[in-house]
Structure formats: structure tokens, C-alpha cells
Amino acid sequence: MVNIQKLRFFDCNCSVGRVAYPHLSDIPDVEGLLKEMGRAGIEEAMVYHTVARYGHPPAGNALLTEAIKNNPRLHPVWVLLPHHTGEMPHPGRLLPEMEKHHVGAARLYPGANYHNFSLSEWCSGELLGALEEAHIPLIVDMDTVSWEDVYKILDNHKQLPVITATCTYRNNRYIYPLLEKYDNLFVELSRFMGAGTIEDMVERFGSHHLLFGTNMPQYTGTAAVSLLTYSAIDRTAKQAIAGENLGNLLKEAWK
Amino acid sequence: MTTYFDLIHGGIPLSGVEIIDLHAHLGPARFMHIPANDPAGMIEAMDLCGIDKTVVSTTVGIDADIVLGNNSMLEAVRSYRGRLYGACMVNGHYPELSLDELHRCFSEEKDVKMVKVHPFSTFCNIKDSRMKGIFRFASDRRLVVLVHTWLDNDLYGNQDIFAEIARDYPDIQWIMGHSGGPYGSQHAVELAQKSDNILLDTTLSMTPAGQIEFFVSEIGSERVIFGTDNPFLNPRPQIGRIGLADISQRDRVNIFSGNAHRLIDFSGSA
């Protein structure tokens with residue numbers, strides 16, 4: 001019998017809800033997500049609703065609130081829009097609403113195929129500034145924003161934690177120079193799969209910039225788990241990446 | 001009793017099962033920095049996650065020069081006997097050179113076991129007439145040919161083209177590399193159900209939930225091949241995907257190495 005000390009996993013990149021173009025499986029509900037989490041051995045997750053991403057954010061955020069209520073393992077992430085069109089309140093009213101619903105992080109989908117707005121200051125500056133002031137982590141999906149966008153946010157809002165989700169294994173020539181300059185960048189690992197990359201980044205930058213994520217239920221969580229558990233870094237670093245780093249970010253929120 | 005769940009969560013190589021990776025590479029790549037891209041780095045990663053044997057084709061052979069790539073492959077195979085094996089890289093734009101390379105690699109080195117074709121990187125359609133000599137070589141020797149495939153946006157080696165060529169050469173065992181990518185699972189199964197010599201490959205960075213279970217239920221675990229893309233991709237995630245999939249232990253063993261042994265004779269190589 002081998003004595004196993006299991007890491008405690010806190011996933012920063014999950015969703016609930018149906019998508020129009022699934023990879024394979026139809027797993028639209030909370031029960032399906034929890035089953036996937038159970039198979040992979042993942043304790044908690046930050047969750048957004050697919051309707052908030054692929055449809056309309058206010059509607060999706062409301063669906064999320066209903067879907068994950070009474071689930072202490074799932075924590076809400078809202079997808080936001082700048083307030084100018086009136087679809088979402090001004091940040092001065094939006095953030096209290098988010099706090100009331102215990103929203104731990106925000107997502108933005110500015111791309112032309114998504115919500116079609118600019119991340120530049122003239123459009124999103126007030127919203128980004130409000131998130132920064134409240135220490136609410138911003139999650140951006142690297143399928144939908146450019147590294148130039150990420151650079152501008154990091155540079156304009158140095159106290160705003162920016163989590164780049166679904167980074168691919170091909171992104172490290174962007175990430176390294178940003179990590180050299182900005183302490184508020186955090187990298188989600190579900191697709192960050194270059195051989196030796198985790199070890200190299202921990203050696204160069206420390207473990208606190210890396211966050212465990214899976215993109216469940218579109219992806220299985222099992223791959224992301226073994227990516228981390230078999231990494232050649234010490235247990236302290238593994239536990240930090242598995243969940244402590246995310247937990248520390250969330251502790252700072254709403255202070 | 002220690003389960004695979006325990007071992008994977010403990011970062012301990014799986015016990016009681018051999019793991020053979022039939023889809024791997026070697027060397028740096030132009031797209032990104034790969035810290036552990038050399039043979040020693042690959043072996044270290046294999047040891048950490050319990051991969052016993054790996055069949056490699058080099059990235060430079062895929063993206064630039066097949067001779068240079070095959071030279072690196074041969075050097076790696078000879079440096080790590082019993083751990084690294086070779087896949088000879090060919091390119092239809094160089095039909096005579098490719099044949100020369102096949103003869104050289106397979107005659108000079110017993111641990112060259114497969115042929116690797118990358119239509120997407122070489123922009124040479126797998127049905128291009130210049131590929132015929134290459135495939136005759138493989139067919140005459142009943143070799144295993146690994147082809148990069150994708151569901152769509154690939155004019156040179158998408159799943160349908162791959163399936164056509166697989167039907168044309170029934171004596172070749174064809175591995176559908178990446179099984180057509182993250183959205184290709186359904187079509188991969190449809191094509192594999194029509195051709196017994198098509199095998200599906202688990203190698204992917206985008207890892208659809210339920211894919212392994214779907215493959216096993218639709219075509220049987222005997223035709224699902226374990227691959228990682230190491231070092232282009234980190235091999236570690238693939239251990240969790242297979243090790244924690246909702247399939248039987250017999251299916252798991254088939255995927256991890258049983259099928260590789262049925263396809264390729266690794267005896268006398270260690």
C-alpha cells in the first residue's frame with residue numbers, strides 16, 4: 001500500500017451549460033460537471049455559464065446563479081460587458097451586485113465573434129479599474145483575446161490579477177517576457193503542455209503565477225491533473241499550483 | 001489496495017502495466033520554446049510518468065529536412081536502446097529521397113519501427129501520386145504508418161483523405177494521428193468502423209471529455225493507440241486521460257501497450 005498525499009485541486013476554468021458545437025460529449029448541467037470533477041479528483045471549481053459566453057452575459061449570469069446555488073464546491077464567475085450600452089450596469093452598481101452574489105472572478109469576451117467590444121481604456125477602462133480596485137481577478141480566454149490586449153491590461157492595471165485561461169503550449173514566447181515585467185499575470189494550465197514548461201517556469205518565476213485549470217466539462221479534468229501530479233517540482237509548488245494560488249487570489253477579492 | 005487514482009494523484013508511475021507511446025517527436029520546434037526537447041529530457045519525462053517505450057520522429061524532419069530529422073532520430077534510438085524507437089519521416093515532395101530514407105533507416109537500424117507522414121506540415125496531399133512508392137514500401141513490409149490528421153481545415157490529410165488512402169493500402173496499419181483533432185472523434189469512429197486497418201490515436205492537447213470511453217465503446221479498445229506528442233506536448237496529461245478513463249482494466253492495457261505489441265515486434269530490442 002502506497003501512502004498517497006493527495007493534492008487539493010481548485011479549478012479556475014470550468015463552465016456549466018450547453019454549447020452549440022461540443023467537442024464530443026453533451027454535459028450541460030451541474031451534475032455532469034460534478035461527475036467529471038469526481039472522476040478527476042478535483043474538489044472545487046470556478047464556474048461560468050456558457051450562455052454568458054456564447055449568448056448574452058446578463059442572461060447567462062442569472063442562469064449560473066440558479067444552477068450552482070447550494071453547491072459549495074462551485075464558485076461563480078460572471079461574464080461582464082462595459083456599461084455604455086446599458087446592457088450591464090455602470091461598474092459602480094455592477095460590483096456591489098457581484099459582491100452580493102459572491103462572484104469571485106470576472107470574464108470578458110471582447111472578440112468580434114463574441115461580445116464585440118474593445119478592451120482599450122476608452123471602452124473598458126472604467127470596468128477594468130473597478131475590478132482592479134476590488135481585487136477581482138479577471139479571466140481572459142486566450143482563444144478570444146490577443147497578447148497585446150493582455151499586455152495593455154497588465155500595464156494599465158498593475159493591481160488587477162489577470163488570469164490567461166486556455167493558453168496553449170505555443171504561447172510561452174509571449175508569457176515569459178510578460179512575467180518578467182508584471183507580477184499580476186497568472187497562467188492557467190489546461191492547455192499549457194509544452195514538455196518541461198511547468199518546471200522551467202517554476203524555476204524562473206516561481207510557482208505563484210501558475211493556476212490549475214481544466215476547461216471542464218468540454219475537456220476531461222484527468223489530463224490536467226496528471227500534467228501537474230507528474231511534474232518534476234516539489235510538493236509545495238504542486239499544491240500552490242493545484243489550488244493555493246487561486247485561493248490566495250480569491251481571499252484578496254472584495255477587500 | 002492502491003488504485004490508479006491513488007498513483008496518478010500521488011505522481012507515481014502506474015504499476016503492473018507497460019506503457020508504449022507510438023506518437024512522439026524529438027527536438028525543438030519553431031512555434032514555441034520546449035524546455036525538455038532532447039532525448040534526455042524525453043526520457044526523464046517518460047520515467048516520471050511511467051512510459052516505457054516511445055517511438056519518435058523528429059520535428060525538424062516534419063518541418064524542414066527529412067534527412068537531418070532521420071539522422072537525429074537514429075542517433076536518439078541508438079543512445080537510448082529499449083526506450084526510444086524510430087519512425088522514419090518521409091515527404092511526398094521528395095519521393096526518391098523518401099524511398100532512400102526508408103531503405104536507409106529500416107536496413108541500418110532494427111529499432112526503426114514505423115513510418116511518419118505529416119501532410120499538413122509538408123503541404124503534400126497524402127493521395128498525391130508521389131506518395132505511391134512510399135506506401136508500396138510500407139505495404140510490402142506490412143508496416144505501421146502514422147499520419148497527422150484533422151477534421152477540417154486540412155486540404156492535405158483530413159480524415160476523409162486519410163480513410164481513402166487506408167482503403168487503398170489494406171496491408172498497412174494506419175494510425176489516424178490525433179484522431180482528427182478535438183472535434184474529430186465522431187467522424188474518426190465512423191471511418192474506423194468502415195476500415196479494419198484504421199487505428200485511432202489518443203494524442204491531443206485539447207482533451208474532450210469522454211473521448212476515450214467513446215472510442216472504446218464504438219470500435220473496441222483493440223484499435224485505440226496510446227500517443228503523447230512528447231516533447232511537442234508534455235506526455236504527462238495522457239497518463240491521466242487513459243488511467244482514469246471509465247473503461248475496463250483490459251481496455252486500459254490494450255491502449256497503453258497491448259495494441260502496440262500486436263502491431264510492432266519490440267522483442268530483441270532492449
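Only a predicted model underlies this, so the values are computations on that prediction, with no experimental measurement involved. (Residues numbered from 1 in each chain as written. Chains lettered and ligands numbered in written order. Predicted model: local features only at pLDDT ≥ 70, side-chain atom pairs only at ≥ 80, totals over all residues. Heavy atoms only, no water.)

## Points about the pattern of salt bridges
Opposite charge on two side chains makes pairing possible when the charged atoms of those side chains draw close.
All names here are of chain B.
In step 1: The full count for this structure, using the stated rule, is 25 salt bridges over all chains.
In step 2: One salt bridge in this structure joins Asp-251 and Arg-250, with 3.4 Å as the shortest N-O distance.
In step 3: Judged by relative accessible area, Asp-251 falls into the buried class, the value being 11%.
In step 4: Looking at Arg-250, the relative accessible area reads 52%, which means it is exposed.
In step 5: Here the salt bridges do not stand alone but share partners, grouping Arg-78, Arg-81, Glu-108, Glu-109, Lys-110 and Asp-111 into one network. (Salt bridge = Lys/Arg side-chain N within 4 Å of Asp/Glu carboxyl O. Buried < 20%, exposed > 50% of the residue type's maximum accessible area, 1.4 Å probe, protein only.)

## Notes on the sheet that holds strand β1 (residues 20-24) of chain B
Residues and elements named next belong to chain B.
In step 1: Spatial strand order, β1-β2-β3-β4-β5-β6-β7-β8: 8 strands in an open sheet with parallel pairing. Edge positions in the open sheet fall to β1 and β8 (224-225), since each of these has one partner strand only.
In step 2: Pairing analysis gives 4 bridges linking strand β4 (residues 112-117) to strand β5 (residues 144-148), with the strands arranged parallel. In the strand pairing of β5, Val-115 is matched with Val-145.
In step 3: Docked against the sheet, helix α9 (residues 185-194) engages β6 (173-177) and β7 (198-201), running at close to 155 degrees with respect to β7. (Pairing = 2+ DSSP bridges. Helix = DSSP H or I, 4+ residues; strand = E, 2+ residues; numbered from the N terminus. Contact = heavy atoms within 4.5 Å. Axes fitted to C-alpha atoms, helices over the stretch in contact; angles between N-to-C directions.)

## Looking at the packing of helix α8 (residues 159-168) of chain B against α9 of chain B
Residue and element names in this part refer to chain B.
In step 1: Following both chains from N to C, one finds α8 and α9 inclined at 15 degrees, their axes separated by 10 Å at the closest point. By the angle class used here, α8 and α9 are roughly parallel. Relative to α9, α8 is oriented so that their crossing is right-handed. Taking contact as the criterion, the partners of Gln-159, Asp-160 and Ala-163 in α8 are, on α9, His-187, Ala-188 and Leu-191.
In step 2: Tallied by class, residues from the contact of α8 with α9 come to 3 nonpolar, 2 polar and 1 charged. (Parallel < 35°, antiparallel > 145°, perpendicular 65-115°, else oblique. Left-handed = near helix turned anticlockwise from the far one by under 90°. Nonpolar A, V, L, I, M, F, W, Y, C, P; charged D, E, K, R; others polar.)

## Some remarks on the packing of helix α6 (residues 147-156) of chain A against helix α7 (residues 172-181) of chain A
All names here are of chain A.
In step 1: Running from amino to carboxyl end, α6 crosses α7 at an angle of 10 degrees, the nearest separation of the two axes being 11 Å. Comparing the axis directions of α6 and α7 gives the class roughly parallel. When α6 is examined against α7, the residues Trp-147, Val-150, Tyr-151 and Leu-154 are found in contact with a partner set consisting of Tyr-174, Ile-175 and Leu-178.
In step 2: Here the contact of α6 with α7 is composed, by residue class, of 7 nonpolar, no polar and no charged.

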